[in-house]
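# Coordinate analysis (summary)
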Amino acid sequence: MGSRNPFARIMKTLEKTGGGEFGKYYSLPSLNDTRIDRLPFSIRILLESALRNCDEFQVTTKDVENILDWQNTSPRKVEIPFKPARVLLQDFTGVPTIVDLAGMRNAMDKLGGDPSKINPLVPVDLVIDHSVQVDVYKSENALQANMELELERNKERYSFLKWGANAFDNMLVVPPGAGIVHQVNLEYLARVVFNTNGILYPDTVFGTDSHTTMIDGLGVAGWGVGGIEAEAAMLGQAMSMVLPGVVGFELSGGLKDGVTATDLVLTVAKMLRQHGVVGNFVEFHGEGMSEIALPDRATIANMSPEYGATMGFFPVDHVTLQYLKLTGRSDEMISMIESYLRANKLFMDYSQPEREMVFSSHLKLDLQDVKPCVSGPKRPHDQVLLNEMKADWHACLDNKVGFKGYAIPKEDQSKIVKFQFGEIPAQLRHGDIVIAAITSCTNTSNPTVMLQAGLLAKKACDLGVEVKPWIKTSLGPGSKVVTKYLEKSGLLRYLKQLCFHIVGYGCTTCIGNSGDLDESVASAITENAVLSGNRNFEGRIHPLTRANYLASPPLVVAYALAGTVDIDFETEPIALSRDGMEIFLRDIWPSSEEVADIVQSNVLPDMFKSVYETITEGQPTWNNLHVPSSRLYKWDARSTYIHEPPNLKDISMSPPGPCKVQDAYCLLTLGDSITTDHISPGGSIHKDSPAAKYLMELGVDKRDFNSYGSRRGNDEVMVRGTFANIRLVNKLLEGEVGPKTIHIPSGEKLSVFDAAMRYKGEGQDTIVLAGAEYGTGSARDWAAKGPKLMGVKAVIAKSFERIHRSNLAGMGIIPLCFSPGEDAETLELTGRERYTIDLPKDINKITPGQEIIVKTDNRKSFKCTLRFDTEVELAYFDHGDILQYVIRSFIGSKTGERACKSN
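Everything numeric in this text was worked out from a predicted model, so none of it was measured. (Residues numbered from 1 in each chain as written. Predicted model: local features only at pLDDT ≥ 70, side-chain atom pairs only at ≥ 80, totals over all residues. Heavy atoms only, no water.)

Turning to the overall build of the chain, a few remarks are in order. Counting its secondary structure elements, the chain contains 33 helices and 34 strands. Whereas a compact globule of 903 residues would reach a radius of gyration of roughly 29 Å, the chain reaches 27 Å, a difference of no more than 12%. Its C-alpha atoms give the chain principal-axis dimensions of about 85 × 80 × 55 Å. Burial analysis of the chain (903 residues in total) assigns 64% to the buried set. Put simply, of all contacts in the chain between residues at least 6 apart along the chain, 75% involve residues at least 24 apart. If you sum the accessible surface of the chain, you get close to 31,900 Å²; carbon and sulfur atoms cover 48% of it. The distance from the centre of the 96 positive side-chain charges to the centre of the 112 negative ones in the chain is 4 Å. (Helix = DSSP H or I, 4+ residues; strand = E, 2+ residues; numbered from the N terminus. Rg over C-alpha atoms; globule rule 2.2 N^0.38 Å. Buried < 20%, exposed > 50% of the residue type's maximum accessible area, 1.4 Å probe, protein only. Contact = heavy atoms within 4.5 Å. Areas by Shrake-Rupley, 256 points an atom, 1.4 Å probe, with all protein chains shown as cover. Lys, Arg positive; Asp, Glu negative; His and termini not counted. Charge placed at Lys NZ, Arg CZ, Asp CG, Glu CD.)

Right, dumping it as structure tokens:
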């Protein structure tokens, strides 16, 4: 057991100005250590957590010293433990998390332990979002129709979540239809500073979505983790992490007129991706910070996964306090936040000379240099300046197939396909737009760009400019506050006039929930979409749109009006007015002054208060859901939504130990930048897929397939959707694209799932070969769970994205990195070899980061680095996975205690 906190001596009382006290806190200044003043603010937050949680068991005095000495220890990749203040779940990732918690309770019960121990030990906020399939085409009633459809489709899932809200303590559930999790977190859930039982400490958060980082714009340190990591944090486990480097990003000057926050974030994303920040924190500072409104900061922080950082952090300052007041936080709360953070050296005061902080590396950006831009056509960090868009598009048509190329023959580039849209004659060509979506996450936290889009729509409508009827337009506000200020400003009517109707409050097109295109469009389609989101990986937005560009909300409207990306806005008109005059983008683009005026008069604190006072009340359909009150969940074997986790059904008291990988076949051979969208099930369930076959065998009609996201609580569906992306490039297929592979022993071409099951049935291990940046993207937990259930024992890659590597480790899959300068190509590995991974059988003889020898059956041998980065990840590997580790730790078996003590 842990001892009394050795840092209790630095506990201080925070007095109120008018008398009384806010509470007590662990005082960083009381350490009397000069190193603190040079620490980045983000590292000071890790330090405070270590001081407060120090028990010489999970968190030790040595851990505190390692953080204090960050300047020297972070280059050495020292391991530290971290406990977040709370956990944030949303619908799609919340379901499998609660499924696992329910499964753990049942497993505890079977092993004779106390199931009630499986209960969140830190506050859990669960927002039911990620459930808006844009099925309604250009309808004034889109919102109501989509909500009814979602509630009908997802009744079983919602019932399960409501059961979880009742069964587990310390859990707040926000019902569907309120908003997207990240914006609700920013506007309402974030505490900034906690006051729990009279102890004050910073709000920090683990979220089961990589865009949890949006909250970093509010000065709350948070980042995305896998569902399994979130569960461990909920259950009181300290998260082992490598003490990160911190990239300082200095901002100066101000944005030019007409330049948006989206332009800024796409510029920042490109700079940071080029600099290389994977696994690091990025901390923003400089005199330009006063020019960056908090929603703009949230936009930049939201896209941390796109530039590869663990988080993009903005320390709390006067801008943060202004936003807290705007969003309806009480004066008492704001006073407590400011007083505590100032007292504990966690407040950035730009009225004082900026302190000389140390960073691992440093970047500078003069905001005057930011230019209007978009990003694409396949990756969020491939920035394209707006005035170069037309040329860049034609270059993409010419270039060989890749992230910036489609290799369209010259003679086909001008091809026109004519079709009939209802009674309207229509045509499509390369570059024409079929989807234009203002999505609910990155940009709709930002009143400036949303109202700018509304102003542009008004100017267009006043001139009689319209959007072509076959373009699927949609508006997915991040919260109901957005609707309120769009309505008050009078601009919502103009967005609606251009058919940007509100389709729902939650993830929409950005996550692939774009719904079906009209059949006439689908049959005639060439390719294109623009959206104001943060993800545009190929195959994600819609299976038929091969090119997808990220743009600010006003540019989404502008491109929808133009109907194509094959346009130079400087020299070519966007459309003709009702009287035949040429209209250029400059004619309808709102000035910064116009936008600022309308934001000032229409975004008001009362809007936030009125929305969030009733946030947990829900709609009648939700309120009428009757769920059992039992603490143990009764699994329904017939359910196609909720299924008992197979790895928890037959758990034994003793851990299985390190798995052996002998003569394994290669399930897939993959290249660079394979994203979790390629791996994890996502979007709609294709009618010819293994998942569709499974559902049809159970009597589910095609119209009721719903999406993979909605069925994330059923492993049978999800494992069948793993590696099922139609844009997957598997080198074993020698040029063919799609979710298939070669079953090596027979030479048969099968779906990846069918091949994996055949290998499992034959008792054969499998591995995956991959290139650089394996696992980038936001589709997290099932990107690791799916391969685990397929029987994949190891992934050998050039490099891993941070969270995905951690999730593979959490599921007991061995992550290995080729030696520098080597990969499958340089080693002449075809993927048709059989692989043996030479790991010691005794877990105590394995160390994080050790060198491992991999041998093939054709006598090749090469060295790899074992990417279990911490002792606790080795404990997960020993136990089979993180959930089994936690269960055995709670039961208190000797093996569980040993594994727990290794943390």
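There is more to say after this.
Here the focus is the packing of helix α10 (residues 294-302) against helix α12 (residues 318-326). Running from N to C, α10 and α12 cross one another at 105°; their axes reach a closest spacing of 9 Å. In this view, α10 runs roughly perpendicular relative to α12, as classed from their interaxial angle. Across the interface between the two elements, Leu294, Pro295 and Arg297 of α10 pack against Val319, Thr320 and Tyr323 of α12. Taken together, the residues of the contact of α10 with α12 break down into four nonpolar, one polar and one charged. (Axes fitted to C-alpha atoms, helices over the stretch in contact; angles between N-to-C directions. Parallel < 35°, antiparallel > 145°, perpendicular 65-115°, else oblique. Nonpolar A, V, L, I, M, F, W, Y, C, P; charged D, E, K, R; others polar.)

Here the focus is the pairing of strand β31 (residues 814-818). β31 sits mainly inside the fold: five of its five residues count as buried. Bridge analysis of strand β30 (residues 792-797) against β31 gives four bridges, and the strand direction is parallel. In the strand pairing of β31, Ile796 is matched with Leu816. With helix α30 (residues 802-810) bridging β30 and the parallel β31, this β-α-β connection has right-handed handedness. (Pairing = 2+ DSSP bridges. Right-handed = clockwise from strand over helix to strand, strands pointing away.)

Residues Ile852, Val854 and Thr856 of strand β33 (residues 851-856) are buried on one face, while the alternating residues Glu851, Ile853 and Lys855, pointing to the opposite face, are not. In the sheet, β33 pairs with strand β34 (residues 861-866) via five bridges, with the strands oriented antiparallel. Residue pairing in the sheet places Ile853 in a bridge with Lys863 of β34. Between β33 and β34, which pair antiparallel one after the other, the connecting turn spans four residues, and Arg859 there sits at a positive phi close to 70°.

Quick look at helix α5 (residues 142-153) now. The first and last C-alpha atoms of α5 sit 16 Å apart over twelve residues, in line with the 16 Å expected at 1.5 Å per residue. Packing partners of the buried residues in α5 comprise α6 (155-167) and α23 (620-623). (Expected span 1.5 Å × (residues − 1).)

Turning to the sheet that holds strand β2 (residues 21-26), a few remarks are in order. Sheets are built from strands that pair by backbone hydrogen bonding, the pairs being arranged parallel or antiparallel. Strand order across the open sheet formed by four strands is β1-β2-β8-β7, with mixed pairing between neighbours. Whereas interior strands pair on both sides, the edge strands pair on one side only; in this sheet they are β1 (11-15) and β7 (193-196). For this sheet the average axis-to-axis angle between neighbouring strands, irrespective of direction, equals 35°. Where helix α13 (residues 331-343) meets the sheet, its contacts fall on β1, β2, β7 and β8 (199-202), and the angle it forms with β2 comes to roughly 35°.

Core analysis: the biggest nonpolar cluster contains 263 residues, and Phe284 and Tyr774 have the highest contact counts within it. Top contributing element to this core by residue count: helix α4 (residues 91-110), with nine residues. Discounting chain neighbours no more than four positions away, the residues touching Tyr774 are Leu670, Ile674, Ile679, Phe723, Val768, Val795, Ala797, Ser799, Phe800, Glu801 and His804. Among the nonpolar cores identified, the runner-up in size contains 27 residues, and Ile814, Leu816, Phe862 and Phe868 belong to it. (Core = buried A, V, L, I, M, F, W, Y, C linked by side-chain atoms within 4.5 Å.)

All chains considered together, the criterion is met by 40 salt bridges. When the shortest N-O distance is used, the salt bridge between Asp331 and Lys325 registers 3.0 Å. Here Asp331 falls in the exposed class, since its relative accessible area comes to 51%. Between Asp462 and Lys458 there is a salt bridge, with its nearest N and O atoms 3.0 Å apart. Here Asp462 pairs with Lys458, and both are found in helix α15 (residues 447-462), just four residues apart, close to one helical turn. Taking relative accessible area as the criterion, Lys458 reaches 30% and is therefore assigned partly exposed. (Salt bridge = Lys/Arg side-chain N within 4 Å of Asp/Glu carboxyl O.)

Another aspect to go through is the confidence of the model for the chain. Across the chain, the average pLDDT comes to 91, with 97% of residues at 70 or higher. Below a pLDDT of 50 lies the segment residues 893-903, which in the model reaches 29 contacts outside its immediate sequence neighbourhood of four places, other chains included. (pLDDT = per-residue confidence, 0-100.)

Here we take up the sheet that holds β33. On the basis of which strands lie adjacent, the closed barrel formed by seven strands has the order β26-β29-β30-β31-β34-β33-β32 and mixed pairing. For this sheet the average axis-to-axis angle between neighbouring strands, irrespective of direction, equals 40°. Two elements, β31 and β34, share three bridges in a ladder whose sense is antiparallel. Paired with Cys817 across the bridge in β34 is Thr865. In the packing of helix α28 (residues 752-761) onto the sheet, contacts are made with β26 (661-669) and β29 (766-769), and the angle to β26 comes to roughly 170°.

Among the structural elements, Pro244 can be located in the loop between β11 (239-242) and β12 (246-252). Judged by its relative accessible area of 2%, Pro244 is buried. Distance in space between the C-alpha atoms of Pro244 and Leu550 is 29 Å, their sequence separation being 306 residues. Residue contacts for Pro244: discarding those within four places in its chain leaves Ile43, Leu46, Trp70, Ser74, Gly279, Asn280 and Phe281.

The geometry of α4 relative to helix α29 (residues 781-790) is characterised by a closest axis approach of 11 Å and an angle of 50° between their N-to-C directions. Considering the angle they form, α4 stands oblique to α29. Judged by residue contacts, Thr93, Pro96 and Asp100 of α4 engage Asp781, Trp782 and Lys785 from α29. Here the contact of α4 with α29 is composed, by residue class, of two nonpolar, one polar and three charged.

Once that is clear, we can look at unusual backbone geometry. With an omega dihedral of 10°, the bond running from Gly376 to Pro377 counts as a cis peptide bond. Among the secondary structure elements, Pro377 is positioned in the loop between β16 (373-375) and β17 (383-385). Phi is positive for Val192, close to 70°, though the residue is something other than glycine. Note that Val192 resides in the loop between α7 (181-189) and β7.

Let's shift gears to α12. Three or more residues of α12 are buried, namely Val319, Thr320, Leu321, Tyr323 and Leu324. Where α12 is buried, its residues meet α7, α10 and α13. N-capping of α12 is provided by Asp317, with a side-chain oxygen placed 3.0 Å from the backbone N of Val319. Gly328, located one to two residues past α12, shows a positive phi value of around 90°. (Polar contact = N/O pair within 3.5 Å; in protein donor to acceptor, adjacent residues only side chain to side chain.)

All right, on to the side chain of Ser577 then. With respect to the helices and strands, the residue Ser577 is situated in the loop between β24 (575-576) and β25 (582-583). Given the relative accessible area of 8%, Ser577 is considered buried. Within the local environment of Ser577, its side chain forms a polar contact with the side chain of Asp579, the two groups lying 2.3 Å apart. Residues in contact with Ser577, not counting those within four places in the same chain, are Leu463 and Ile583.

Taken as a whole, this structure holds 25 aromatic pairs when the rule is applied. Pairing Phe249 with Phe284 gives two aromatic rings, centres 5.1 Å apart and planes at 40°, and the pair type is tilted. One end of the pair, Phe249, is in strand β12; the other, Phe284, is in strand β13 (residues 281-285), and 35 residues separate them in sequence. Assessed through its relative accessible area of 0%, Phe284 is described here as buried. Seen from their ring centres, Phe421 and Trp470 are 6.5 Å apart, and the 65° between their planes marks the pair as edge-to-face. Residue Phe421 is located in strand β18 (residues 416-421), and its partner Trp470 is located in the loop between α15 and β21 (472-475); the two are separated by 49 residues in the primary sequence. (Phe/Tyr/Trp six-rings, centres within 6.5 Å; stacked < 30°, edge-to-face > 60°.)

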